[in-house]
Amino acid sequence: MKLCMIGTGYVGLVSGVCFSDLGNDVVCVDKDTKKIELLKKGNIPIYEPGLTELVTKNYKNGRLKFSNDLKKSVRDSDIIFICVGTPTKKNGSSADLSQVYNVIKEITTSINKYKIIITKSTVPVTTGDVIEKLLFKKNKKKTFSVVSNPEFLREGEAIRDFSYPDRIVIGSNDKKSNRILRSLYAPLLSKGAQYLNTSRRAAELIKYASNAFLATKITFINELANLCEKLNINVEDISIGMGLDKRIGGRFLRAGPAYGGSCFPKDTKAITSTAKKHKINLSVIKTVIKSNKHRSNILLDRVYEILGKKIKGKKISFLGVTFKANTDDMRDSSSLKMIPILSKKGAIVNYFDPTGFKTELSKIKNVRYLDSIKKTVEGSDLVIIHTEWNDFKSINFKNLVKRKKFSIFDMRNICSPIKIRAQGFKYYSIGR
Ligand code: UGA
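Residues numbered from 1 in each chain as written. Predicted model: local features only at pLDDT ≥ 70, side-chain atom pairs only at ≥ 80, totals over all residues. Heavy atoms only, no water.

## Considering the nonpolar core
Membership of the largest hydrophobic core comes to 40 residues, with the highest contact counts inside it found for F19, L51, I79, F81, L181 and Y185. Apart from the residues within four sequence positions on either side, I79 is in contact with M1, K2, L3, C4, I116, I118, I180, L181 and L184. If you look at the next biggest cluster of nonpolar residues, it comprises 32 residues, including A225, L299, V303 and L361. (Core = buried A, V, L, I, M, F, W, Y, C linked by side-chain atoms within 4.5 Å. Buried < 20%, exposed > 50% of the residue type's maximum accessible area, 1.4 Å probe, protein only. Contact = heavy atoms within 4.5 Å.)

Printed below as a string of structure tokens:
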């Protein structure tokens, strides 16, 4: 099948290359000419394990193409995936759909034969209805279907998530598009993915509800971790004990810093905003947003406690600053909340991240990037393991540096307390 992915961010690029790997002809379109030129040369703008290899392979065999020409790419394709960003509006909490509607405006005259127009971007319920109306104005014979097909890819795991999905959700109100899309996804269905055909509105809501629910699970266990610390209970036992109940499930019950990234914070806000428009109070999700906002303060209070309430002049090292491992993404990372506050209080902050220097931290006083774990940790009063990179899981801190007076605050529970304490360090973690 001939596919066109509009937008070469995480969603568009990963889905596009994976679809081409399944044997489809895919053109990935972006208005950013520089980005497209770089992609043609094999330079991938995002850090995603396995992506470079897959792009190179499919670009070479000719199934994957890159283009700036939106209209032509749409004309030449059968299925159009809209994969542009839907960030939070500058002055509010609802989703900014300007990029989606700009795309629609541009492609209305390119519908030269039957096409399926799909929103893969996370869009509020009824966006598909609006898109259909806009397209209908110029295409009265209605040679198109508008479908919602939300993505459930995690950054850092995106290729795996695409290749082995739990479910494919197709929100489509007509049989033709449903039949075509079932056959597009057939290679994944044969590996065990569930195919769910719903109304378009339901598919749009499934995406928000899923992200909001996962954010709720994380917030739930984060709050329980606070209680575990007071009661001298290991929160991991609680996660396992709860997760063994199949009704609950063990995934996304890992306590840690506030959840971040480009999706959970944005989507929890957007769904409450949609609900408000319809005079519905999603009080659980609102509480999750509030609790997550406060999470960094709770962890900072622990930092103050560990350092005896004296922060001025203290050397604090961050191992990992991205919002999670296997990504270079800093969006809504809790490190961006904690580091500026520590700097303001007079701390000297060193950081190391496997994905390198971060411009987001470059203007903060007394904060500097060092290019190795050893250099970062040297001379520290406190080492904070902020992100769960494999690189930090087996560090022998005792052999790493000469001055070993520092304490360790493992915000991801990736180290063994017994091992680290046996090396002579004061070790703190989350909920245990
Ligand atoms: C999330 C969803 O997991 C994807 O299904 C969805 O497609 C994507 O958003 C999206 O809407 O595009 P992502 O933001 O890449 O994916 O990252 P997650 O792996 O979900 O992690 C989000 C945050 O939750 C991170 O800060 C992570 O550290 C935190 N987290 C996750 C925990 O604190 N504990 C957990 O047990 C799991």
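## Thoughts on the site of the ligand
Neighbouring the ligand are 19 residues; E151, E155, K207, N211 and C263 lie closest to it. Between an oxygen atom of the ligand and a side-chain N or O atom of K324, the distance comes to 2.8 Å. R412 has a polar side-chain atom sitting 2.9 Å from an oxygen atom of the ligand. In isolation the ligand has 710 Å² of accessible area, and contact with the protein removes 95% of it. (Near = heavy atom within 4 Å. Polar contact = N/O pair within 3.5 Å; in protein donor to acceptor, adjacent residues only side chain to side chain. Areas by Shrake-Rupley, 256 points an atom, 1.4 Å probe, with all protein chains shown as cover.)

## Comments concerning the packing of helix α6 (residues 127-138) against helix α10 (residues 200-231)
Where α6 meets α10, the axes come as close as 8 Å, and the angle between the chain directions of the two elements is 135°. What the angle tells us is that α6 and α10 run oblique. Where α6 abuts α10, its residues T127, G128, D129 and E132 lie against R200, R201 and E204. Among the residues forming the contact of α6 with α10, the class breakdown is no nonpolar, two polar and five charged. (Axes fitted to C-alpha atoms, helices over the stretch in contact; angles between N-to-C directions. Helix = DSSP H or I, 4+ residues; strand = E, 2+ residues; numbered from the N terminus. Parallel < 35°, antiparallel > 145°, perpendicular 65-115°, else oblique. Nonpolar A, V, L, I, M, F, W, Y, C, P; charged D, E, K, R; others polar.)

## Regarding a nonpolar patch on the surface
Nonpolar side chains collect at one region of the surface, where L227, L231 and I233 lie side by side and expose about 260 Å² of accessible area between them. Along the polypeptide, L231 turns up in helix α10. (Patch = residues over 30% accessible without salt bridge, like charges linked within 9 Å, V, L, I, M, F, W, Y side chains within 5 Å. Salt bridge = Lys/Arg side-chain N within 4 Å of Asp/Glu carboxyl O.)

## As for the pattern of salt bridges
Taken as a whole and judged by the stated rule, the model has 21 salt bridges. Note that D78 and K113 form a salt bridge whose closest N and O atoms lie 3.6 Å from each other. With D78 in the loop between α4 (70-75) and β4 (79-82) and K113 in the loop between α5 (98-107) and β5 (115-119), the pair connects residues that are 35 residues apart, well separated along the chain. Judged by its relative accessible area of 36%, K113 is partly exposed. Members of the salt-bridge network, linked through shared partners, are D129, E132, R200 and R201.

## Quick word on the domain arrangement of the chain
As far as domains go, the chain holds domain 1 (2-197), domain 2 (208-293) and domain 3 (297-428). Distance from the C-alpha centre of domain 1 to the C-alpha centre of domain 3: 38 Å. Counting from both sides, the interface comprises seven residues of domain 1 and, opposite them, nine residues of domain 3. Roughly 600 Å² is buried in total at the junction of domain 1 and domain 3, and carbon and sulfur atoms are behind 43% of that figure. Looking only at domain 1, the three residues that lose the most surface to domain 3 are Y10, Y47 and E155, adding up to 76% of its buried area. Here domain 1 and domain 3 share one salt bridge between them. A salt bridge links E155 to R331; the shortest N-O distance between them is 3.7 Å. (Domains from an automatic or database assignment. Buried area = accessible area lost by both parts, 1.4 Å probe.)

## So, the packing of aromatic side chains
Evaluation of the coordinates by the stated rule reveals 13 aromatic pairs. With a centroid separation of 5.9 Å and an interplanar angle of 80°, the aromatic rings of Y259 and F264 are classed as edge-to-face. For the pair F397 and F425, a centre-to-centre distance of 6.0 Å together with 70° between the ring planes defines the contact as edge-to-face. With a gap of 28 residues between them, F397 in helix α16 (residues 397-400) and F425 in the loop between α17 (417-422) and β14 (426-429) connect regions that are remote in the sequence. Its relative accessible area of 0% is what places F397 among the buried residues. Linked through ring pairs, F19, F81, F162 and Y185 together constitute an aromatic cluster. The ring centre of F152 lies 3.5 Å from the NZ or CZ of R167, which sits over that ring. (Phe/Tyr/Trp six-rings, centres within 6.5 Å; stacked < 30°, edge-to-face > 60°. Lys NZ or Arg CZ within 6 Å of the ring centre and 35° of its normal.)

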